[in-house]
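Tertiary structure, described
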Amino acid sequence: MGAGDTAWEQLGRHLRETNLLGSIQSTLYWDQNTRMPSGGAAWRGEQLALLARQLHARQSAASYADLIAEARQDWRAANAAAGAAADPDLVARGRNLDLLEQDLRRQQALDPDLVSALATAKAEGYDRWQQAKASADFSLFAPALARMVALRQEQARQLAEPRSCWETLAQPFEPDLSLERLQQLFAPLRQRLPELLDQLRSGPRPSSLGWDLPAATQQQLCDQLLADWGRDPAITCVAASPHPFSITLGPRDFRITTRVVAGQPLSCFLATAHEWGHSLYEQGLPTASHQWFAWPLGQATSMAVHESQSLFWENRVARSLPFAERWWERFAAAGAPLGSAREFWGAMNPMAPGCNRVEADELSYGLHILIRTDLELALLEQGLAVDDLPQEWNRRYGELLGVKPADDAEGCLQDVHWSEGLFGYFPSYLLGHLISAQLSEAMTAAIGAPEDHVARGDLNGMLAWLREHVHPIGRALNAEQLVEQVSGSPLSAEPFLAYLEAKLSRLSPALSGSC
């Protein structure tokens, strides 16, 4: 450190080095999901545990706390000198320090042995989950899940926040979210989604596609999509993994994964659209205080906002009728037995309940999330035994969606999240639907409907609006504050339900096979 360095500059260097270590951890995670042989799981667990201990030590050290405290002192002095004039840079620095102090308190509350145990359990859990899913045998995964539940409960106890266990674990994904507020937002969905599903069952029912495309052909179509949507190969990478995801490994290193599902020729395409939406958001985060320059304001607002961006590109763009009109002939030329744009649109929007969340349509998707949210609460706070999870999962799917998984792989083993202890994450997906719909209404009022832009082939206009109003916010606000700032109204389920009902009405002829 130079003799004249300010506390802020020293803090920035410390945070940058912490982020370098974190990016190494993320790179190992990427490799574990895409290339690592299964035999490497134990060693990878040790690698990740070592990095977790080092990261925790840096983020909880007394010397780091002293740096934050000194930077706060300097900020107070600068703020006092500025007087009544609001200096945007000082406001941003103050918010960064607020978030750093909050994270420091959380890190210092955790036992290093617990941090290490969690990292090991994540690696072991992921490996056991893969084995169990491949064998469709939950019993292979159950011990790892039980250990993860116990470790996360202990994490919540050590953090000792004035929240329930589940609320505490949800904070990294949805800052400031309470269970009471979540239930308020979800209540209209619990009532209206099953009603809409029942209405659809009483009308024309879509049939299964009954066709497929070779994996190589599906990948070619995905490559065309990403090229049309502005992918820069110099800073992005696409790979295959058991579960699609997006991850950022550096300031110019954005990666996504996808997968081909036999018998579901549109799955890979839609997953690519979804994950690219995540990546676009990451690429649009604030450049002046980007996460790779270490500061919290450069990080995503929340996972629900993150999901709103992936869902915007998947649903408002790729599942729209104008998109089908522009793309159906490409699929037909690739071998899909399609005779019209409306037929392709119906195939992209089956609106039929099924067992798989990732392949679900916009109508039934929310029900998948409600089931998972309730089961997380049951596991963490209501005494549901891990061994009883498959039976409880199947019961709820039968009651809410009218379907029964053929086996554990199609049921409670389909998602990777619980193998990594990501309790509290699933609601972000459904909150993302709500946020996407409300932001789309604001976009429509400002620059016209997304569907009109898609019809003109004008994706840049939509992206530019998001880059101005959503992406640069970072963690300056929480998710609900961002939505109210952009839309002028508190977050609500009504815009999503209105959008969904209008789309179902327009889709009816396509679902019945009409052109």
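I will try to describe carefully the structure that is included in this document. What you see is a predicted model, and the numbers here were worked out from it, not measured in a lab. (Residues numbered from 1 in each chain as written. Predicted model: local features only at pLDDT ≥ 70, side-chain atom pairs only at ≥ 80, totals over all residues. Heavy atoms only, no water.)

Things to note about the overall build of the protein chain
- In terms of regular secondary structure, the protein chain is built from 20 helices and 3 strands.
- Computed over C-alpha atoms, the radius of gyration of the protein chain comes to 23 Å, within 12% of the 24 Å expected from 2.2 N^0.38 for 515 residues, which places it in the range of a compact globule.
- The C-alpha extent of the protein chain, read off along each of the three principal axes, is 75 × 55 × 45 Å.
- Counting only residues that meet the buried cut, the protein chain has 56% of its 515 residues in that class.
- Contacts spanning at least 24 positions in sequence make up 75% of the contacts within the protein chain whose residues lie at least 6 apart.
- Counting every atom, the protein chain has about 20900 Å² of accessible surface; 51% of that belongs to carbon and sulfur. (Helix = DSSP H or I, 4+ residues; strand = E, 2+ residues; numbered from the N terminus. Rg over C-alpha atoms; globule rule 2.2 N^0.38 Å. Buried < 20%, exposed > 50% of the residue type's maximum accessible area, 1.4 Å probe, protein only. Contact = heavy atoms within 4.5 Å. Areas by Shrake-Rupley, 256 points an atom, 1.4 Å probe, with all protein chains shown as cover.)

Notes on helix α5 (residues 112–135)
- Under the 1.5 Å per step criterion, the end-to-end length of α5 is 35 Å for 24 residues, consistent within 8% with the ideal 34 Å.
- Where α5 begins, the capping side chain belongs to Asp111, and its oxygen is found 2.8 Å from the backbone nitrogen of Asp113.
- Within two residues after α5, Ala136 carries a phi angle of roughly 55°, on the positive side. (Expected span 1.5 Å × (residues − 1). Polar contact = N/O pair within 3.5 Å; in protein donor to acceptor, adjacent residues only side chain to side chain.)

Let's talk about the layout of surface pockets
- Counted as a void, the second largest pocket has a volume near 300 Å³.
- Within the residue set of the lining of the second largest pocket, elements represented by two or more residues are α12 (321–333) and α18 (459–469).
- The dominant element in the lining of the second largest pocket, judged by the number of residues it contributes, is α12, at 4 residues.
- Among the residues forming the lining of the second largest pocket, the class breakdown is 8 nonpolar, 3 polar and 4 charged. (1 Å grid on protein atoms, 1.4 Å probe; cavity = no way out; pocket = protein on both sides within 12 Å on 5 of 7 lines; lining within 4 Å. Points joined across faces, edges and corners; volume = space filled by probe spheres on them. Nonpolar A, V, L, I, M, F, W, Y, C, P; charged D, E, K, R; others polar.)

Brief notes about the packing of helix α11 (residues 303–318) against α18
- Interhelical geometry of α11 versus α18 gives an angle of 155° and a closest axis separation of 13 Å. Taken together, α11 and α18 sit at an angle that is classed as roughly antiparallel. As α11 runs across α18, the sense of the crossing is right-handed. From α11, Gln309, Phe312, Trp313 and Val317 reach across to α18, where they touch Leu459, Met462, Leu463 and Leu466.
- Across the contact of α11 with α18, the residue classes tally to 7 nonpolar, 1 polar and no charged. (Axes fitted to C-alpha atoms, helices over the stretch in contact; angles between N-to-C directions. Parallel < 35°, antiparallel > 145°, perpendicular 65-115°, else oblique. Left-handed = near helix turned anticlockwise from the far one by under 90°.)

A word on the pattern of salt bridges
- A complete count under the given rule lists 26 salt bridges for this structure.
- Across the pair Asp228 and Arg330 runs a salt bridge, and its minimum N-O distance is 2.7 Å. Residue Asp228 is located in helix α9 (residues 215–228), and its partner Arg330 is located in helix α12; the two are separated by 102 residues in the primary sequence.
- In this structure Arg330 comes out as partly exposed when scored by relative accessible area, which is 30%.
- What emerges from the salt-bridge pattern is a single network uniting Glu392, Arg395, Arg396 and Glu399. (Salt bridge = Lys/Arg side-chain N within 4 Å of Asp/Glu carboxyl O.)

Regarding the sheet that holds strand β2 (residues 246–250)
- Sheet architecture is open: 3 strands sit in the order β1-β3-β2, paired in mixed fashion. A single partner strand is all that each edge strand has here, and the edge strands are β1 (236–240) and β2. Across the sheet, the mean angle separating the axes of adjacent strands is 25° when strand polarity is ignored.
- Relative to strand β3 (residues 253–258), β1 runs parallel, the two being bridged by 5 bridges. Bridge pairing in β3 links Cys237 to Arg255. (Pairing = 2+ DSSP bridges.)

So, the packing of aromatic side chains
- Tallied over the full model, the rule gives 22 aromatic pairs.
- With 6.0 Å between their ring centres and 70° between their planes, Trp30 and Phe245 make a pair best called edge-to-face. Of this pair, Trp30 sits in helix α1 (residues 7–34) while Phe245 is found in the loop between β1 and β2, placing the two residues 215 residues apart along the sequence. With respect to burial, Trp30 and Phe245 carry one shared label: buried.
- A centroid spacing of 6.4 Å and a plane angle of 55° characterise the contact between Trp327 and Phe331, whose relative ring orientation is tilted. You can see Trp327 and its partner Phe331 sitting in helix α12, 4 residues apart, about one turn around the helix. (Phe/Tyr/Trp six-rings, centres within 6.5 Å; stacked < 30°, edge-to-face > 60°.)

Section: the side chain of Asp415
- Along the chain, Asp415 falls in the loop between α15 (389–401) and α16 (426–447).
- Judged by its relative accessible area of 8%, Asp415 falls in the buried class.
- Side-chain polar atoms of Asp415 contact the side chain of Arg372, separated by 2.6 Å.
- Those residues in contact with Asp415 that lie beyond four places of it in its chain are Trp129, His243, Arg357, Arg372, Trp393 and Phe426.

Remarks on the pairing of β2
- When you tally the buried positions in β2, you get 4 out of 5 residues, the bulk of the element.
- Relative to β3, β2 runs antiparallel, the two sharing 4 bridges. Along β3, the bridge assignment pairs Thr248 with Phe254.
- Between β2 and β3, which follow one another and run antiparallel, lie 2 residues.

Re the environment of Arg456
- Relative to the assigned elements, Arg456 resides in helix α17 (residues 450–456).
- According to the relative accessible area criterion, Arg456 is exposed, its value standing at 54%.
- Taking the C-alpha atoms as reference, Arg456 lies 38 Å from Pro88; in sequence the two are 368 residues apart.

Remarks on helix α10 (residues 267–283)
- Here α10 spans 24 Å end to end across 17 residues, near enough to the 24 Å set by a 1.5 Å rise per residue.
- Counting buried positions over the 17 residues of α10 gives 16, a clear majority of the element.

Let's talk about the packing of α9 against α10
- One can describe the packing of α9 onto α10 by two numbers: an axis separation of 9 Å at closest approach and a directional angle of 30°. The angle between α9 and α10 falls in the class roughly parallel. Of the two possible hands of crossing, α9 and α10 adopt the one that is right-handed. Note on element contacts: α10 touches α9 through Cys268, Phe269, Thr272, Ala273 and Trp276, opposite Gln218, Gln219, Leu221, Cys222, Leu225 and Leu226.

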